[in-house]
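# Residue-level structure breakdown
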Amino acid sequence: MSKTWRPATQLVHGGTLRSQFGETSEAIYLTQGFVYDTSEAAEARFKGETDGFIYARYGSPTNDMFEKRMCALEGAEDARATASGMAAVAAAILCQLKAGDHIVAARALFGSCRWVVETLAPKYGIQCTLVDGRIIENWEKAIQPNTKVFFLESPTNPTLEVVDIAAVAKLANQIGAKVVVDNVFATPLFQKPLELGAHIVVYSATKHIDGQGRSLGGVILSDKQWIDENLHDYFRHTGPAMSPFTAWTLLKGIETLPLRVKQQTQNAAKIADFLADQGKVGKVIYPGRKDHPQADIIAKQMTGGSTLVAFELKGGKEAAFKLQNALEIVKISNNLGDSKSLITHPATTTHKNLTDEARAELGISPGTVRFSAGIEDGEDLVEDFARALAQVSA
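Naming follows an unreviewed UniProt entry, where the chain appears as O-succinylhomoserine sulfhydrylase of Rhizobium leucaenae. The annotation that UniProt attaches to the chain under Pathway (unreviewed entry) is "Amino-acid biosynthesis; L-methionine biosynthesis via de novo pathway; L-homocysteine from O-succinyl-L-homoserine: step 1/1." Quoted straight from UniProt, the Subunit (unreviewed entry) entry for the chain says "Homotetramer."

Along the polypeptide, valine 392 turns up in the segment after α16 (378-390). Of the residues examined, valine 392 reaches a relative accessible area of 5% and is grouped as buried. Leave out the neighbours within four places in its chain, and valine 392 touches Lys280, Ala319, Lys322 and Leu323.

Before going further, it helps to spend a moment on the UniProt feature "modified residue: N6-(pyridoxal phosphate)lysine" (unreviewed entry) in the chain. What UniProt calls "modified residue: N6-(pyridoxal phosphate)lysine" (unreviewed entry) maps, in this numbering, to Lys207. Mapped onto the elements of the fold, lysine 207 is located in helix α9 (residues 206-210). Residues contacting lysine 207, with those up to four places away along its chain left out, are Val184, Asn335, Leu336 and Gly337.

What follows deals with the pairing of strand β1 (residues 78-82). In terms of burial, β1 is a largely internal element, five of the five residues being buried. Every second residue of β1 is oriented toward a common face, with Asp78, Arg80 and Thr82 on one face and Ala79 and Ala81 on the other, all of them buried. Pairing analysis gives five bridges linking β1 to strand β7 (residues 218-222), with the strands arranged antiparallel. Within β7, the residue paired with aspartate 78 across the bridge is serine 222.

How each quantity is defined
Residues numbered from 1 in each chain as written. Predicted model: local features only at pLDDT ≥ 70, side-chain atom pairs only at ≥ 80, totals over all residues. Heavy atoms only, no water. UniProt positions renumbered as here; feature names shortened; annotations may be inferred. Helix = DSSP H or I, 4+ residues; strand = E, 2+ residues; numbered from the N terminus. Buried < 20%, exposed > 50% of the residue type's maximum accessible area, 1.4 Å probe, protein only. Contact = heavy atoms within 4.5 Å. Pairing = 2+ DSSP bridges.

Dropping the structure here:
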């Protein structure tokens with residue numbers, strides 16, 4: 001595999017293994033276990049003296065292809081594919097912590113991510129401090145002698161706030177902490193957290209990587225030493241492994257990732273610009289616009305906008321529901337990163353378990369709406385929004 005290949009080529013050819021039959025499409029190895037030529041060969045495999053697969057919970061040829069392809073795209077040394085994005089988040093955080101350790105996390109997190117650090121981790125004696133991640137001084141003030149992990153999303157779900165990853169990583173390195181970045185909203189095409197100094201990157205592969213509404217999946221990427229020393233045993237013994245069939249589905253999805261994300265991003269920018277001119281819309285937040293509150297950081301760490309747009313309707317929840325219900329092409333869903341355009345009301349779905357105060361802190365009002373652009377014709381999407389907005393009271 002050539003390291004000089006550009007992303008679109010890596011995502012078609014990277015990490016490919018072929019059997020003796022020379023198949024064009026990657027093979028699905030639907031097997032639980034593997035056989036050995038001799039007892040001595042089995043012993044050597046289990047000792048780690050020879051390479052090869054042992055059990056599908058630990059790894060399989062199909063999963064290995066997906067992991068290698070993600071490594072090629074991300075610029076990572078090693079990866080582990082998981083059954084879902086949340087399995088990846090939980091494993092990446094918990095595998096490196098013990099009772100008495102401390103997490104500093106940006107408060108703007110997907111609801112389930114926030115539950116992991118704010119509710120689950122403390123049950124095991126791991127404390128967490130939530131901060132406004134946009135302000136680097138907040139990270140510094142939250143540091144304790146036992147701080148081991150910094151965790152953040154950037155851009156954030158759903159309000160598309162941006163965190164200065166390089167600044168957070170510099171701070172973490174000063175105290176020997178590890179930075180875990182959920183990079184779903186930026187996609188691996190528009191942001192490279194490892195190049196910015198982060199130590200671990202996680203994805204919900206359910207989103208753009210599959211991107212066609214078929215499969216749940218996740219992936220954790222880092223350097224080989226961190227994975228060997230922290231994730232390897234956790235992964236083997238707790239069993240969050242991805243199924244080979246899912247890995248094959250994701251291999252097929254990732255081939256078209258650049259094509260889909262390019263069209264989705266163009267559509268998101270078009271809708272953001274359209275909404276910004278509408279009197280019924282209070283504000284629009286999109287990383288590709290110059291009026292984004294952190295446009296300077298975006299210019300420094302992202303090479304593209306996003307497939308997501310956040311906006312706020314002046315009429316609150318009633319207006320948000322009316323708009324969503326009136327859309328024809330855009331479908332109501334809590335998912336994102338799909339080839340179909342989707343729309344979400346976070347306050348009543350993805351972030352409904354937060355208190356009113358917590359949602360207000362994050363900028364999620366009753367009128368906040370999250371739009372995930374698909375690959376449809378952009379003009380059709382604009383017309384769909386125009387028709388729907390016409391039914392919303394001023």
